Amino acid sequence: MFAGRIRFALKARDTAENAIRFRFLCKHISSDGCFAPGRALEQSILRRTSNDEIYGIFKNLYQDYHIALAVGQHLQNDSSAGIKAPSLSNSLKPSKRGPLVGNDSENIVHLLDRVRRRTLLCDPNVFHAFRLVNQECEMVRKLPLFVVANDRPIPLEEYEKLNLTQTSKTVKYLQNTWIERSTMHLHRLLSRIGYGHFNIGVVRWEIYNVMKLKRLVEQVLYRMQDALRDLLLNSSAAYVHYLVNDCSAILALEDEEYSWDGNLIDSPFEPKRSAVFYLTLEMGQEMPYYSTDPDTFPGTLRNTLDDILTECHFIHTIEPSLMQSLIFAENLYLSSVGLLDPAIVKQRVALLDYYHKALVPLRAYAARYAAYRDVFFTNVKDFVEQTKSADKSSSEIKEDIAFQIRMRENLEHTVPLCIVIGPFWINVQPLREALICKRQELTAALLKMLTEKLRIKTADIITCYNAINERMCEKPVSIEHIYDIRAYMEDVPVLVGRLEDRMRGILYEYEILEGFLHNLPDADFEQKWNALAYPRSVLKQMVSIKEFHESEVDRYRKQQFADEAAFTASIEDINAYISKFTTLYDVSKVSEMSVEVRRLWKTLQELIDQGHIMNRRQELFDMAPISLNNLYELRSNFQAYRELWAVAADYLKLEETWIGNPLASVDLEGVRRGLQQTHDSLKDLLPMFRDQPQLLAVVDHFIQAVEDFRPNLDIMELLKCPYLEAIHWGQLAKEIGVKGKLSVDVGFDVFLEHGFQDHLETVRRVVVKAEQLRLQQEARWTEEEQIRQIEEAYRRARAERRQNRTEI
């Protein structure tokens, strides 16, 4: 049943198409066989149909017209009354109305009147109007609707702009200029005829419907529609022909998973004609990509074709502008080519199929460049830092540099400047130059890194040479310094030899740079040759330094004699001063005496040290040593005197600290320890001063001062009791008779001023009472805490019993 319905529908469509062709032909040629189409119109009609029936109707109409022409020509040549039927060609058939015979001239007039009434070309102006309209139509057939030629491939966006400009210009011409010019020609020529069948000023529709003017306008309409259809078909064919540049390899491609297995230079998809579109291959973060997304090509090209076909459906007819006295609908448009026209569909399918297939190798070619993504996005600084952190040797860096150079050369030979894939001309040069530039940058960075490495090594060697020179060229300040420099200079040849060996290894690394034709900076070049020339300059410097030292030894020998005399005089002076100073024993000047004693002791030590230095120099000059026994004896005798005044001064400072600071900050253990140490030190000094009663009296004086301070320890210990509160301090002040507020933050000197040392029992009684109160208070706190715990336990037990009750 379904097949039968389809067969019936196809038959009905064929019948309808033939009927439409028949009516179109009848209107196009006119009626009653009175219009003769030209050769071009005949070919156009034959091109539109192949149906025998329609061709037969056209042939009969054509033959009838030529019969009428033959009759008219015979009447013009022979005016005799007896006229016979003219001899016609075998290909022509006589008119259905029969031959025109007879001797009455009225028949001829009647014939001419019938011809004039039926033909449209009854006036020369109509003929000229037809000719001008036909010229406008021929001009329309030649209009460029699409851009179908370019000197070079262009990007899709630019092609869209060019196409938009061209189509806008052409559509504007079709919608405005073409209609205006055709209307102008018809109006100018038909207005000459005036009233009658071609009166363009007709104001009534029923008159217009029976006028030849309507048939004339229909003829013009069909000619314009025919021209518009030819324009669209020819333009769309040229558009598709231009875009589909006949690449057999793409048309034969069936595999959607195609991969580009060949090299990147030779393209197996070379078209017969030049490429249409320009693309630039670029590198993305994820994958390589093109400057224009290839997926947009099929949709854009199809939309370009469909949009112009759609716009051409909105070209107005000439009736409203020609006959302005009549009212026409606003949507009267010329019939154009539809989007589903078989020719358009065939062209659209060919275009989309070609570009869908062309995208497969295009994507496959871009995917091959994914191998270069890591190189493209390599950061030169990070690459150098990573190489530095790997701590590679110079030979390994040399291999890395050679690898980068090989990769750069490989890019130059394997990556093309451009390639053609079907309709696409792909510019690979920017990506190729970027990859080559990146390889060059990596090579230059490695060379620079190796240069910096060698610069550091060479600078280190030069620093070592400079250190040797500086050590040898030090200006000697003594004979010992000269002998130290001489001892160092004995090892200089060995040090220089080691540095030379190191420099030979660095020279091998410099040869790596020379192998890559890398030019050293001027500073590095100079540094390299300075390092090579240093050994000779160092050894040469040693000779001049030795000569200088000989003159310096003579100078220091003379200086030694003068220093020896000055040293002897200093010993005598210090001996006389100490002998006089030890007779002083004023206990009221302890601080001054301790300062002076320490100064004299420091002077003695300095003289002894200087004596040792003088004796070492005497040995260096091969001279007899200086005796220091008198200095040692003087220091031994002066030691006890120094300790006496030093211990006394230290004790006075401690005592002042204990008394002047707040009582709370005094460390009782520190006080006891200080008193005991001072007492022991003074006891040890008693045997040393048995023969010196004045100094022995000084020792006894300070021993007695220590003993006098000991009772204060008991008072300090009681006053530092932690249980003393403000009430207790008030009670102490009241009982002892102190007018003022007392606390542990007051200095001990305040307590001494008010005679607390004489009220020891009173202080002890108050302290004992404070301790008892504290014990009672603590006992009360303990009892309260026990009561609180018992109550808490009771409440907890009651809560547990309430929770365990079951009668609620």
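Residues numbered from 1 in each chain as written. Predicted model: local features only at pLDDT ≥ 70, side-chain atom pairs only at ≥ 80, totals over all residues. Heavy atoms only, no water.

Caption draft 1: Local environment of the pattern of salt bridges. Per the stated rule, a full pass over the model turns up 21 salt bridges. With its nearest N and O atoms 3.3 Å apart, the salt bridge here joins Arg 273 to Asp 246. In this pair, Arg 273 sits in the loop between α9 (248-251) and β1 (277-283) while Asp 246 sits in the loop between α8 (212-243) and α9, placing the two residues 27 residues apart along the sequence. Take Arg 273: its relative accessible area is 26%, and that puts it in the partly exposed class. Judged by its relative accessible area of 31%, Asp 246 falls in the partly exposed class. Each of Glu 138, Arg 141, Asp 226 and Asp 230 takes part in one network of salt bridges that share partners. (Salt bridge = Lys/Arg side-chain N within 4 Å of Asp/Glu carboxyl O. Helix = DSSP H or I, 4+ residues; strand = E, 2+ residues; numbered from the N terminus. Buried < 20%, exposed > 50% of the residue type's maximum accessible area, 1.4 Å probe, protein only.)

Caption draft 2: Looking closely at the packing of aromatic side chains. Summed over the entire model, instances satisfying the criterion amount to 21 aromatic pairs. Ring centres of Trp 260 and Tyr 365 lie 4.8 Å apart, and the angle between their planes is 70 degrees; on these two criteria the pair is classed as edge-to-face. Here Trp 260 is found in the loop between α9 and β1, whereas its partner Tyr 365 is found in helix α12 (residues 342-367), with 105 residues between them in sequence. The burial state of Trp 260 is the same as that of Tyr 365; both residues are buried. Aromatic pair Phe 314 and Tyr 333: ring centres 5.4 Å apart, planes at 80 degrees, arrangement edge-to-face. In this pair, Phe 314 is assigned in the loop between α10 (296-311) and α11 (319-322) and Tyr 333 in the loop between α11 and α12, connecting sequence segments 19 residues apart. For Tyr 333, a relative accessible area of 31% gives the class partly exposed. Members of the aromatic cluster, each reached through a chain of ring pairs, are Tyr 159, Tyr 242, Phe 277, Phe 297, Tyr 354, Tyr 355 and Phe 424. Over the ring of Tyr 510 we find Lys 528, and its NZ or CZ is 5.1 Å from the ring centre. (Phe/Tyr/Trp six-rings, centres within 6.5 Å; stacked < 30°, edge-to-face > 60°. Lys NZ or Arg CZ within 6 Å of the ring centre and 35° of its normal.)

Caption draft 3: Inspection of the nonpolar core at higher detail. Among the nonpolar cores identified, the biggest contains 90 residues, and Trp 178, Leu 243, Phe 277, Tyr 365, Tyr 369, Phe 424 and Ile 426 are the most heavily contacted of them. Here this core takes 14 residues from α8, the largest share from any one element. Contact partners of Ile 426, with chain neighbours within four places excluded, come to Leu 279, Leu 281, Tyr 290, Leu 362, Leu 417, Cys 418, Ile 419 and Ile 421. Grouped together as the second largest cluster of nonpolar side chains are 33 residues, Met 449, Met 472, Met 489 and Val 492 included. (Core = buried A, V, L, I, M, F, W, Y, C linked by side-chain atoms within 4.5 Å. Contact = heavy atoms within 4.5 Å.)

Caption draft 4: Molecular detail of the environment of Ile 613. In this structure, Ile 613 sits in helix α20 (residues 590-620). Look at Ile 613 and you get partly exposed, because its relative accessible area is 31%. When the C-alpha atoms of Ile 613 and Glu 480 are compared, they prove to be 9.4 Å apart, with 133 residues separating the residues in sequence.

Caption draft 5: Just the sheet that holds strand β4 (residues 424-427), in detail. In space, the four strands of this open sheet follow the order β2-β1-β4-β3, with mixed pairing throughout. Each edge of the sheet is formed by a strand with only one pairing partner; in this case those strands are β2 (288-290) and β3 (418-421). Strand-to-strand twist across the sheet, computed as the mean angle between neighbouring axes with direction ignored, equals 25 degrees. By the bridge criterion, three bridges tie β1 to β2 in an arrangement that is antiparallel. Counterpart to Leu 281 in the pairing with β2 is Tyr 290. α12 contacts β1, β2, β3 and β4 of the sheet and is inclined by roughly 20 degrees relative to β4. (Pairing = 2+ DSSP bridges. Axes fitted to C-alpha atoms, helices over the stretch in contact; angles between N-to-C directions.)

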